[in-house]
Amino acid sequence: MTTSDRHGRAVARAGANFALVKYWGKADERLNVPAVGSISITLDALFTETEVELAPKQRSDEIVLDGKRRDEDLAKITACVDLLRRKAGIDTRVRVASRNNFPTGAGLASSASGFAALVRAAEAAFGLTLSPRERSIVARQGSGSAARSIFGGFVEMHAGSAPDGSDSFAEPLLESTAWPLEVVIAVTAKGEKEVGSRSGMTRSASSSPYYAAWVAGQPPDLAAGRAAIRARDFAALADVAEHNCLKMHAAALAARPPLVYWNGATVECLHAVRRLRAGGVPVFFTIDAGPQLKAVCAPGARAEVERTLRAVPGVLELLASTLGRGAELR
Ligand code: PMV
């Protein structure tokens, strides 16, 4: 019997994911419906493990992240768990203990793996059995990118158009084993980022002159990303992923006040990756709302990508991962 078989307590693990065609902007802030669809890869080596335990005597939920109480995160977590409490028809509070095996809030997708693991564990603790799609819809309401970490490998998130958000969910595009790409992350700064993705998106939408163009340009990028993944066409995926990433950052840079998520080392890494690819190495970059650069490469290219990024001044640490599975009970 695993710990998760016992009703009332469950442990789940979910991998972080990075978008290759990005989510940036919301269509509905209350339901956390994204303004655009997105395509991501789920990682194996960067994950969150979360234990949820029913606490019938408590009057509020409790969250401990990496051994520290996080009262500042409580409202978001309670709101997400409330969706499951409503489905289960119970009102019991929970104790949540969560651990990331990588830095939290530094642009490494900790909210994605965090909410995916939370939803999977809370569902089991409440004795519910949701479909993967329902899980994805609940996770989305915790964090948009978390809807994707419910699944492994290559994943597409649909923005949807239903007013209640019922068609805004992720689904798998391709198994990780079908195209085992690898990821090298160049960590160029530690500590939590200054402007989180939620407020960065709001600021971009309300003040960036390029935001409307960003949203309008997403359907062709999604189509190109989907086609590249289905055909396992590395050059085509590299082309659309770098274009889409730079477009997202262009919209953010043009916000007021500006959102400059990069530091000098981020930019040096970007050039290093482009030089490698120009020299025939199958690698491309992506960057999220933080200064870390993620290099995605074909199997076999990882050692050379690591050697190159390690030599870039300002790179503090490298993390590496293969693609992984969706959120699972432990
Ligand atoms: O799910 P959030 O609120 O952490 O937003 C994710 C935003 C980006 O990481 C920049 C892009 C993405 O699609 O993951």
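Rules of the game
Residues numbered from 1 in each chain as written. Predicted model: local features only at pLDDT ≥ 70, side-chain atom pairs only at ≥ 80, totals over all residues. Heavy atoms only, no water. pLDDT = per-residue confidence, 0-100. Contact = heavy atoms within 4.5 Å. Near = heavy atom within 4 Å. Polar contact = N/O pair within 3.5 Å; in protein donor to acceptor, adjacent residues only side chain to side chain. Areas by Shrake-Rupley, 256 points an atom, 1.4 Å probe, with all protein chains shown as cover. Nonpolar A, V, L, I, M, F, W, Y, C, P; charged D, E, K, R; others polar. Axes fitted to C-alpha atoms, helices over the stretch in contact; angles between N-to-C directions. Helix = DSSP H or I, 4+ residues; strand = E, 2+ residues; numbered from the N terminus. Parallel < 35°, antiparallel > 145°, perpendicular 65-115°, else oblique. Left-handed = near helix turned anticlockwise from the far one by under 90°. Expected span 1.5 Å × (residues − 1). Buried < 20%, exposed > 50% of the residue type's maximum accessible area, 1.4 Å probe, protein only.

### Side note on the confidence of the model for the protein
Now for step 1: With 96% of its residues at a pLDDT of 70 or more, the protein has an overall mean of 95.
Now for step 2: Low pLDDT, under 50, characterises residues 1-5; the predicted model gives this stretch 10 contacts beyond four residues in sequence or across chains.

### Topic: the site of the ligand
Now for step 1: Close contacts around the ligand come from 14 residues, with Y23, S143, S145, R148 and S197 the closest.
Now for step 2: In this structure, S145 approaches the ligand through a side-chain N or O atom, which is 2.6 Å from an oxygen atom.
Now for step 3: Separating an oxygen atom of the ligand from a side-chain N or O atom of R148 is a distance of 2.7 Å.
Now for step 4: In isolation the ligand has 380 Å² of accessible area, and contact with the protein removes 90% of it.
Now for step 5: Taken together, the residues of the shell around the ligand break down into six nonpolar, five polar and three charged.

### Notes on the packing of helix α7 (residues 218-231) against helix α8 (residues 234-253)
Now for step 1: Here α7 crosses α8 at 150 degrees, and the two axes come no closer than 8 Å. It follows from the interaxial angle that α7 and α8 lie roughly antiparallel. When you trace α7 past α8, the crossing you get is left-handed. Facing Q218, D221, A224, G225, A228 and I229 of α7, the residues of α8 in contact are A236, L237, V240, H243, N244 and K247.
Now for step 2: For the contact of α7 with α8, a count of residues per class yields six nonpolar, four polar and two charged.

### Remarks on helix α1 (residues 74-88)
Now for step 1: Under the 1.5 Å per step criterion, the end-to-end length of α1 is 20 Å for 15 residues, consistent within 8% with the ideal 21 Å.
Now for step 2: Within α1 the residues assigned to the buried category are L74, I77, T78, C80, V81, L83, L84 and R85.
Now for step 3: Elements in contact with the buried residues of α1: β5 (62-65), β7 (94-100), α2 (110-125) and α3 (132-142).
Now for step 4: G89, located one to two residues past α1, shows a positive phi value of around 70 degrees.

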